[in-house]
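Residues per chain, in single letters:
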Amino acid sequence: MSVIQRSRTGADRQVRDRQRTAERLLASSAKLSFDPLKDVDWSAAPLPGRYYCPPRHLSLYGTELWERLTEEQRIELSKHEVASIAGVGIWFEEILMQMLLRHAFDRDPTTAHVQYALTEIADECRHSVMFARMISWMGVPAYGPGRLSHELGRIFKATSTHSQTFGGTMYVEEILDAFQRELMNDESLQPLTRQVSRIHVIEESRHISYAREELQRVHLGPVRRRWEQLFIGLIVLRTTKSLINPRVYAAVGIDPRVGREAARTNPHWRAVKTELASKVIGVLDQAGLVGRTNRWLLRRAGVLAAAA
Ligand SMILES: [Fe+2]
Ligand SMILES: [Fe+2]
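Residues numbered from 1 in each chain as written. Chains lettered and ligands numbered in written order. Predicted model: local features only at pLDDT ≥ 70, side-chain atom pairs only at ≥ 80, totals over all residues. Heavy atoms only, no water.

### Quick word on the pattern of salt bridges
Reasoning step 1: This structure, assessed with the given rule, holds 17 salt bridges.
Reasoning step 2: Note that Asp 35 and Lys 38 form a salt bridge whose closest N and O atoms lie 3.9 Å from each other.
Reasoning step 3: When its relative accessible area of 68% is taken as the criterion, Lys 38 is described as exposed.
Reasoning step 4: Of the charged contacts, one joins Arg 56 and Glu 275 as a salt bridge, the two residues approaching to 2.9 Å between their closest N and O atoms. Placement of Arg 56 in the loop between helix 2 (36–39) and helix 3 (64–68) and of Glu 275 in helix 11 (residues 267–286) is noted, with a sequence separation of 219 residues between them. (Salt bridge = Lys/Arg side-chain N within 4 Å of Asp/Glu carboxyl O. Buried < 20%, exposed > 50% of the residue type's maximum accessible area, 1.4 Å probe, protein only. Helix = DSSP H or I, 4+ residues; strand = E, 2+ residues; numbered from the N terminus.)

Here it is in C-alpha coordinates:
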(Lines give C-alpha, C1' and ligand atoms only; values in the text may rest on other atoms or scores of the structure.)
(Ligands and ions follow the chains in the order given, each with its own letter.)
Protein backbone atom coordinates (compact mmCIF):
# COMPACT_ATOMS: atom_id res chain seq x y z
CA MET A 1 0.00 0.00 0.00
CA SER A 2 1.42 3.41 -0.98
CA VAL A 3 1.93 6.22 1.55
CA ILE A 4 -0.97 8.16 -0.01
CA GLN A 5 -3.32 5.15 0.16
CA ARG A 6 -2.29 4.50 3.75
CA SER A 7 -2.99 8.08 4.85
CA ARG A 8 -6.33 7.99 2.99
CA THR A 9 -7.35 4.82 4.85
CA GLY A 10 -6.35 6.49 8.13
CA ALA A 11 -8.41 9.57 7.27
CA ASP A 12 -11.45 7.43 6.37
CA ARG A 13 -11.15 5.56 9.63
CA GLN A 14 -11.02 8.87 11.48
CA VAL A 15 -14.21 10.07 9.78
CA ARG A 16 -15.97 6.81 10.68
CA ASP A 17 -14.75 6.95 14.30
CA ARG A 18 -15.88 10.53 14.68
CA GLN A 19 -19.27 9.69 13.26
CA ARG A 20 -19.71 6.65 15.51
CA THR A 21 -18.73 8.50 18.69
CA ALA A 22 -21.01 11.42 17.85
CA GLU A 23 -23.97 9.14 17.09
CA ARG A 24 -23.53 7.45 20.48
CA LEU A 25 -23.30 10.81 22.27
CA LEU A 26 -26.37 12.18 20.45
CA ALA A 27 -28.39 9.08 21.43
CA SER A 28 -27.27 9.47 25.05
CA SER A 29 -28.21 13.19 25.02
CA ALA A 30 -31.68 12.34 23.69
CA LYS A 31 -32.12 9.82 26.51
CA LEU A 32 -30.79 11.83 29.45
CA SER A 33 -30.60 15.62 29.44
CA PHE A 34 -31.84 18.16 31.95
CA ASP A 35 -33.62 21.46 32.03
CA PRO A 36 -32.13 23.18 35.08
CA LEU A 37 -34.97 25.69 35.20
CA LYS A 38 -37.34 22.80 35.96
CA ASP A 39 -35.04 20.09 37.35
CA VAL A 40 -33.64 22.15 40.25
CA ASP A 41 -35.89 23.29 43.09
CA TRP A 42 -34.95 26.97 43.10
CA SER A 43 -37.66 27.80 45.64
CA ALA A 44 -36.00 25.68 48.38
CA ALA A 45 -34.19 27.70 51.05
CA PRO A 46 -30.61 26.70 52.01
CA LEU A 47 -30.59 24.21 54.90
CA PRO A 48 -29.01 25.72 58.04
CA GLY A 49 -25.73 24.20 59.20
CA ARG A 50 -24.89 22.54 55.88
CA TYR A 51 -21.72 23.15 53.88
CA TYR A 52 -21.98 23.95 50.15
CA CYS A 53 -19.05 21.66 49.30
CA PRO A 54 -16.88 19.31 51.39
CA PRO A 55 -14.83 21.50 53.79
CA ARG A 56 -11.63 19.64 52.90
CA HIS A 57 -11.92 21.13 49.40
CA LEU A 58 -11.73 24.70 50.65
CA SER A 59 -8.61 26.71 49.87
CA LEU A 60 -7.91 27.65 53.51
CA TYR A 61 -8.69 24.23 55.03
CA GLY A 62 -5.91 23.19 57.41
CA THR A 63 -4.36 26.67 57.73
CA GLU A 64 -4.08 28.82 60.84
CA LEU A 65 -6.70 31.14 59.39
CA TRP A 66 -9.07 28.18 59.08
CA GLU A 67 -8.55 27.26 62.74
CA ARG A 68 -9.61 30.77 63.73
CA LEU A 69 -12.91 30.64 61.81
CA THR A 70 -16.15 29.67 63.53
CA GLU A 71 -18.23 26.83 62.06
CA GLU A 72 -20.66 29.41 60.71
CA GLN A 73 -17.85 31.30 58.95
CA ARG A 74 -16.48 28.08 57.47
CA ILE A 75 -19.90 27.29 55.99
CA GLU A 76 -20.10 30.86 54.68
CA LEU A 77 -16.67 30.49 53.06
CA SER A 78 -17.79 27.23 51.41
CA LYS A 79 -20.72 29.11 49.84
CA HIS A 80 -18.47 31.84 48.43
CA GLU A 81 -15.84 29.40 47.14
CA VAL A 82 -18.49 27.30 45.35
CA ALA A 83 -19.87 30.52 43.84
CA SER A 84 -16.37 31.52 42.72
CA ILE A 85 -15.79 28.14 41.04
CA ALA A 86 -19.25 28.36 39.39
CA GLY A 87 -18.30 31.83 38.08
CA VAL A 88 -15.13 30.40 36.54
CA GLY A 89 -17.32 27.61 35.12
CA ILE A 90 -19.50 30.20 33.35
CA TRP A 91 -16.43 32.07 32.06
CA PHE A 92 -14.97 28.90 30.58
CA GLU A 93 -18.29 27.62 29.24
CA GLU A 94 -18.77 30.90 27.38
CA ILE A 95 -15.28 30.51 25.93
CA LEU A 96 -16.00 26.87 25.05
CA MET A 97 -19.30 27.65 23.35
CA GLN A 98 -17.48 30.01 21.00
CA MET A 99 -14.65 27.55 20.36
CA LEU A 100 -17.19 24.82 19.53
CA LEU A 101 -19.03 27.19 17.21
CA ARG A 102 -15.74 27.82 15.39
CA HIS A 103 -15.23 24.03 15.21
CA ALA A 104 -18.73 23.55 13.73
CA PHE A 105 -18.49 26.57 11.40
CA ASP A 106 -15.88 24.93 9.18
CA ARG A 107 -17.50 21.50 8.97
CA ASP A 108 -20.43 19.71 7.35
CA PRO A 109 -23.55 20.33 9.50
CA THR A 110 -25.21 17.11 8.31
CA THR A 111 -22.58 15.00 10.13
CA ALA A 112 -23.33 13.63 13.59
CA HIS A 113 -19.96 15.09 14.66
CA VAL A 114 -21.08 18.68 14.02
CA GLN A 115 -24.57 18.02 15.35
CA TYR A 116 -23.05 16.83 18.61
CA ALA A 117 -20.86 19.98 18.80
CA LEU A 118 -24.08 22.00 18.50
CA THR A 119 -25.78 19.81 21.13
CA GLU A 120 -22.87 20.39 23.49
CA ILE A 121 -23.18 24.15 22.98
CA ALA A 122 -26.86 23.85 23.98
CA ASP A 123 -25.83 21.87 27.11
CA GLU A 124 -23.24 24.49 28.06
CA CYS A 125 -25.76 27.24 27.52
CA ARG A 126 -28.12 25.62 30.05
CA HIS A 127 -25.21 24.97 32.44
CA SER A 128 -24.21 28.63 32.44
CA VAL A 129 -27.81 29.64 33.21
CA MET A 130 -27.86 27.01 35.98
CA PHE A 131 -24.61 28.26 37.56
CA ALA A 132 -25.81 31.86 37.30
CA ARG A 133 -29.11 30.91 38.98
CA MET A 134 -27.19 29.11 41.72
CA ILE A 135 -25.03 32.19 42.39
CA SER A 136 -28.20 34.33 42.65
CA TRP A 137 -29.83 31.70 44.88
CA MET A 138 -26.82 31.90 47.20
CA GLY A 139 -27.13 35.68 47.31
CA VAL A 140 -23.40 36.18 46.71
CA PRO A 141 -21.54 38.23 44.04
CA ALA A 142 -20.72 36.83 40.59
CA TYR A 143 -16.99 36.90 41.30
CA GLY A 144 -15.80 35.83 37.85
CA PRO A 145 -12.23 34.75 37.05
CA GLY A 146 -10.61 38.17 37.57
CA ARG A 147 -9.73 40.89 35.07
CA LEU A 148 -6.62 39.32 33.53
CA SER A 149 -8.23 35.91 32.90
CA HIS A 150 -11.30 37.62 31.51
CA GLU A 151 -9.23 39.57 28.96
CA LEU A 152 -7.03 36.56 28.06
CA GLY A 153 -10.22 34.54 27.52
CA ARG A 154 -11.33 37.15 24.99
CA ILE A 155 -8.25 36.37 22.84
CA PHE A 156 -8.15 32.64 23.52
CA LYS A 157 -11.73 31.93 22.41
CA ALA A 158 -11.03 33.59 19.06
CA THR A 159 -7.62 32.08 18.30
CA SER A 160 -7.33 28.65 19.98
CA THR A 161 -5.97 25.76 17.90
CA HIS A 162 -7.54 22.28 17.87
CA SER A 163 -5.25 20.98 20.65
CA GLN A 164 -5.76 24.11 22.75
CA THR A 165 -9.55 23.98 22.32
CA PHE A 166 -9.92 20.35 23.33
CA GLY A 167 -6.94 20.20 25.73
CA GLY A 168 -8.13 23.29 27.62
CA THR A 169 -11.69 21.95 27.62
CA MET A 170 -10.59 18.57 28.95
CA TYR A 171 -8.69 20.24 31.78
CA VAL A 172 -11.52 22.49 32.99
CA GLU A 173 -14.22 19.84 32.52
CA GLU A 174 -12.24 17.13 34.31
CA ILE A 175 -11.27 19.15 37.39
CA LEU A 176 -14.85 20.39 37.76
CA ASP A 177 -16.06 16.82 37.27
CA ALA A 178 -13.79 15.47 40.03
CA PHE A 179 -14.89 18.26 42.39
CA GLN A 180 -18.60 17.85 41.62
CA ARG A 181 -18.62 14.05 41.81
CA GLU A 182 -17.57 14.25 45.43
CA LEU A 183 -20.05 17.03 46.09
CA MET A 184 -23.04 15.20 44.59
CA ASN A 185 -22.33 12.02 46.57
CA ASP A 186 -22.02 13.70 49.97
CA GLU A 187 -25.42 13.62 51.68
CA SER A 188 -24.33 16.00 54.43
CA LEU A 189 -24.12 18.95 51.97
CA GLN A 190 -26.71 21.46 50.69
CA PRO A 191 -29.23 19.56 48.50
CA LEU A 192 -29.27 22.31 45.85
CA THR A 193 -25.52 22.35 45.21
CA ARG A 194 -25.63 18.54 45.09
CA GLN A 195 -28.39 18.56 42.45
CA VAL A 196 -26.59 21.19 40.34
CA SER A 197 -23.43 19.05 40.53
CA ARG A 198 -25.32 15.89 39.58
CA ILE A 199 -26.82 17.47 36.46
CA HIS A 200 -23.44 18.85 35.46
CA VAL A 201 -21.57 15.58 36.03
CA ILE A 202 -24.04 13.55 33.93
CA GLU A 203 -24.00 15.91 30.95
CA GLU A 204 -20.28 16.63 31.17
CA SER A 205 -19.31 12.98 30.93
CA ARG A 206 -20.39 13.11 27.25
CA HIS A 207 -18.43 16.32 26.66
CA ILE A 208 -15.33 14.73 28.18
CA SER A 209 -15.58 11.72 25.81
CA TYR A 210 -15.96 14.06 22.83
CA ALA A 211 -12.97 16.23 23.81
CA ARG A 212 -10.74 13.24 24.74
CA GLU A 213 -11.26 11.57 21.37
CA GLU A 214 -10.72 14.80 19.46
CA LEU A 215 -7.45 15.34 21.33
CA GLN A 216 -6.19 11.87 20.45
CA ARG A 217 -7.07 12.25 16.76
CA VAL A 218 -4.52 14.95 16.03
CA HIS A 219 -0.92 14.00 15.43
CA LEU A 220 1.55 16.72 16.36
CA GLY A 221 5.11 17.05 15.07
CA PRO A 222 7.90 17.71 17.62
CA VAL A 223 8.01 21.51 17.24
CA ARG A 224 4.26 21.93 17.19
CA ARG A 225 3.95 19.61 20.19
CA ARG A 226 6.26 21.83 22.27
CA TRP A 227 4.26 24.91 21.34
CA GLU A 228 0.96 23.26 22.27
CA GLN A 229 2.44 21.97 25.54
CA LEU A 230 3.49 25.48 26.45
CA PHE A 231 0.04 26.82 25.68
CA ILE A 232 -1.74 24.06 27.61
CA GLY A 233 0.55 24.81 30.57
CA LEU A 234 -0.47 28.47 30.45
CA ILE A 235 -4.18 27.57 30.25
CA VAL A 236 -3.84 25.21 33.23
CA LEU A 237 -1.97 27.82 35.27
CA ARG A 238 -4.41 30.63 34.49
CA THR A 239 -7.63 28.65 35.06
CA THR A 240 -6.37 27.00 38.26
CA LYS A 241 -5.22 30.34 39.68
CA SER A 242 -8.62 31.85 38.83
CA LEU A 243 -10.71 29.19 40.60
CA ILE A 244 -10.87 31.02 43.92
CA ASN A 245 -11.30 34.76 43.56
CA PRO A 246 -9.51 36.34 46.58
CA ARG A 247 -12.53 38.56 47.18
CA VAL A 248 -14.29 35.51 48.72
CA TYR A 249 -12.13 35.82 51.84
CA ALA A 250 -13.60 39.25 52.68
CA ALA A 251 -16.97 37.49 53.24
CA VAL A 252 -15.53 35.92 56.40
CA GLY A 253 -13.55 38.97 57.54
CA ILE A 254 -10.18 37.96 56.03
CA ASP A 255 -8.18 40.49 54.02
CA PRO A 256 -8.23 39.14 50.41
CA ARG A 257 -4.44 39.53 50.09
CA VAL A 258 -3.84 37.63 53.34
CA GLY A 259 -6.31 34.91 52.30
CA ARG A 260 -4.73 34.56 48.86
CA GLU A 261 -1.25 34.18 50.33
CA ALA A 262 -2.45 31.62 52.90
CA ALA A 263 -4.13 29.58 50.13
CA ARG A 264 -1.07 29.85 47.87
CA THR A 265 1.20 28.36 50.52
CA ASN A 266 -1.34 25.85 51.88
CA PRO A 267 0.01 22.31 51.24
CA HIS A 268 -3.45 20.86 51.78
CA TRP A 269 -5.00 23.01 49.03
CA ARG A 270 -2.14 22.06 46.74
CA ALA A 271 -2.76 18.37 47.44
CA VAL A 272 -6.48 18.79 46.67
CA LYS A 273 -5.70 20.47 43.33
CA THR A 274 -3.20 17.72 42.44
CA GLU A 275 -5.82 15.11 43.32
CA LEU A 276 -8.59 16.80 41.27
CA ALA A 277 -6.28 17.11 38.26
CA SER A 278 -4.55 13.73 38.45
CA LYS A 279 -6.80 11.97 35.91
CA VAL A 280 -6.77 14.76 33.33
CA ILE A 281 -3.01 15.30 33.56
CA GLY A 282 -2.68 11.59 32.67
CA VAL A 283 -4.97 12.03 29.64
CA LEU A 284 -3.08 15.14 28.47
CA ASP A 285 0.16 13.25 28.93
CA GLN A 286 -1.13 10.37 26.74
CA ALA A 287 -2.04 12.90 24.05
CA GLY A 288 1.55 14.18 24.14
CA LEU A 289 0.57 17.45 25.79
CA VAL A 290 2.66 17.13 28.95
CA GLY A 291 6.43 17.46 28.71
CA ARG A 292 9.50 19.44 29.65
CA THR A 293 7.98 22.57 28.11
CA ASN A 294 5.06 22.73 30.52
CA ARG A 295 5.85 20.61 33.59
CA TRP A 296 7.13 23.69 35.43
CA LEU A 297 3.86 25.50 34.68
CA LEU A 298 1.79 22.55 35.92
CA ARG A 299 3.87 22.50 39.12
CA ARG A 300 3.38 26.22 39.52
CA ALA A 301 -0.37 25.72 39.13
CA GLY A 302 -0.16 23.19 42.00
CA VAL A 303 -1.56 20.33 39.91
CA LEU A 304 1.62 18.30 39.52
CA ALA A 305 3.59 16.93 42.44
CA ALA A 306 7.09 18.42 42.79
CA ALA A 307 8.83 15.12 41.95
CA ALA A 308 6.63 14.27 38.92
FE1 LIG B 1 -20.83 22.57 31.51
FE1 LIG C 1 -18.88 20.72 29.07
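Next comes the rest of the write-up.
### So, the environment of Gly 259
Reasoning step 1: In this structure, Gly 259 sits in helix 10 (residues 256–264).
Reasoning step 2: Between the C-alpha atom of Gly 259 and that of Leu 176, which follows or precedes it by 83 residues, the distance is 22 Å.
Reasoning step 3: The contact partners of Gly 259, leaving out residues within four places of it in the chain, are Leu 60, Leu 65, Tyr 249 and Ile 254. (Contact = heavy atoms within 4.5 Å.)

### Section: the environment of Leu 77
Reasoning step 1: For Leu 77, the position within the fold is in helix 4 (residues 71–105).
Reasoning step 2: Considered as a pair, Leu 77 and Val 252 are 175 residues apart in the sequence and their alpha carbons are 6.5 Å apart.
Reasoning step 3: Once you skip the residues sitting within four places of it in the chain, Leu 77 turns out to touch Leu 58, Leu 60, Trp 66, Leu 69, Val 248, Tyr 249 and Val 252.

### Remarks on the coordination of the iron ion (ligand 2)
Reasoning step 1: Coordination sphere of the iron ion (ligand 2), protein contribution only: Glu 124 (OE), Glu 173 (OE), Glu 204 (OE), Glu 204 (OE) and His 207 (ND1), at 1.8 to 2.4 Å.
Reasoning step 2: All donors of the iron ion (ligand 2) belong to a single chain; written as a sequence motif, their spacing is E-x48-E-x30-E-x2-H. (Donors = N, O, S within 2.8 Å, 3.2 Å for Na, K, Ca; no water.)

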